[in-house]
Amino acid sequence: MRKIIAGMFITLDGVVEAPEKWNPPYYDDELNQAVMPPIASAGAHLYGRRSYELFRGVFTGPAAPPHAPLMTNTPKIVVSSTLDNADWGPTTVISGDVSATLARLKEQPGRDITVVASGTLVRFLLRERLLDELQLLVHPVIVGSGARLFEGYGESLPLTLAHCHAHGNGVVALRYTLAA
């Protein structure tokens, strides 16, 4: 059985939007060594439409980072009812009963499915109890405005801390599982 694991950059005030504006001062070799293994070992990456389009632009553009082939070649699953152009490497678009489709995908053999962005999708996965792990890289910065990960979540959801690590740059890695 596969897990769905979300890894998110987040600020102290809960903002996940536009990490390219506040993450760079903290993205050092140590943080890269924490971020890349889960992405590289994933059997698939799960995106919402907006995140898919953003990542496709970054990883297929002229200034694509060195790990662009990894991101392009890893199978992608996009939750969308409006995506017109799913042409970035192997991509499957799902819509309709997304919960049932994702539950079936989790039951299949294979490597885990990672969510590398999309607060909206992470909130949906939590509400549907489909998310197995929530990995937060909490950055020591307050940005004051922007989309917050749990904004509008609206219910209590107990989590269990599975791991905690403070990086030398002040970023704290927290890994949570759903409480039993």
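Treat the numbers as computed from the prediction; the structure is a model and nothing was measured. (Residues numbered from 1 in each chain as written. Predicted model: local features only at pLDDT ≥ 70, side-chain atom pairs only at ≥ 80, totals over all residues. Heavy atoms only, no water.)

## Remarks on the overall build of the chain
Across its full length, the chain carries six helices and eight strands. Going from N to C terminus, the chain has its helices and strands arranged as β-α-α-β-α-α-β-β-α-β-α-β-β-β. A compact globule built from 180 residues would reach a C-alpha radius of gyration of about 16 Å, and the chain, at 16 Å, matches this within 12%. Dimensions of the chain, computed from C-alpha atoms along their principal axes, come out at roughly 45 × 40 × 30 Å. Across the 180 residues of the chain, 43% fall into the buried class. (Helix = DSSP H or I, 4+ residues; strand = E, 2+ residues; numbered from the N terminus. Rg over C-alpha atoms; globule rule 2.2 N^0.38 Å. Buried < 20%, exposed > 50% of the residue type's maximum accessible area, 1.4 Å probe, protein only.)

## Regarding the side chain of S99
For S99, the location among the structural elements is in helix α5 (residues 98-107). Residues contacting S99, with those up to four places away along its chain left out, are F124, E128 and L130. (Contact = heavy atoms within 4.5 Å.)

## Some remarks on the pairing of strand β2 (residues 44-48)
Among the five residues of β2, five are classified as buried, and the element is accordingly described as predominantly covered. Side-chain alternation along β2 places A44, L46 and G48 on one buried face and H45 and Y47 on a second face that is also buried. Across three bridges, the pairing between β2 and strand β5 (residues 113-115) is parallel. Bridge pairing links A44 to I113 in β5. Summarising the sheet, β2 and strand β3 (residues 76-79) pair through four bridges and their orientation is parallel. Directly across from H45, in β3, lies its bridge partner K76. (Pairing = 2+ DSSP bridges.)

## As for the environment of T11
For T11, the location among the structural elements is in strand β1 (residues 4-11). Classification of T11 by relative accessible area gives buried; the value is 2%. Each C-alpha atom, one on T11 and one on S156, is 21 Å from the other, the two residues being 145 residues apart in sequence. Those residues within four positions of T11 in sequence are excluded, and the remaining contacts are W22, V138, H139, V141 and V143. A distance of 2.4 Å separates polar atoms of two side chains, one belonging to T11 and the other to D13. (Polar contact = N/O pair within 3.5 Å; in protein donor to acceptor, adjacent residues only side chain to side chain.)

## As for the packing of aromatic side chains
In the structure shown here, the tally under the stated rule is seven aromatic pairs. Taking 5.9 Å as the distance between ring centres and 50 degrees as the angle between the ring planes, the aromatic pair formed by Y47 and W88 counts as tilted. In this pair, Y47 sits in strand β2 while W88 sits in the loop between β3 and β4 (91-94), placing the two residues 41 residues apart along the sequence. Each member of the pair, Y47 as well as W88, carries the same accessibility label: buried. (Phe/Tyr/Trp six-rings, centres within 6.5 Å; stacked < 30°, edge-to-face > 60°.)

## Things to note about the environment of G168
Within the element layout of this structure, G168 appears in the loop between β7 (159-166) and β8 (172-178). Since its relative accessible area comes to 74%, G168 is described here as exposed. When the C-alpha positions of G168 and S156 are compared, they lie 32 Å apart, and in sequence the two are 12 residues distant.

Interpretation note: all reported values are geometric properties and have no functional meaning in isolation.
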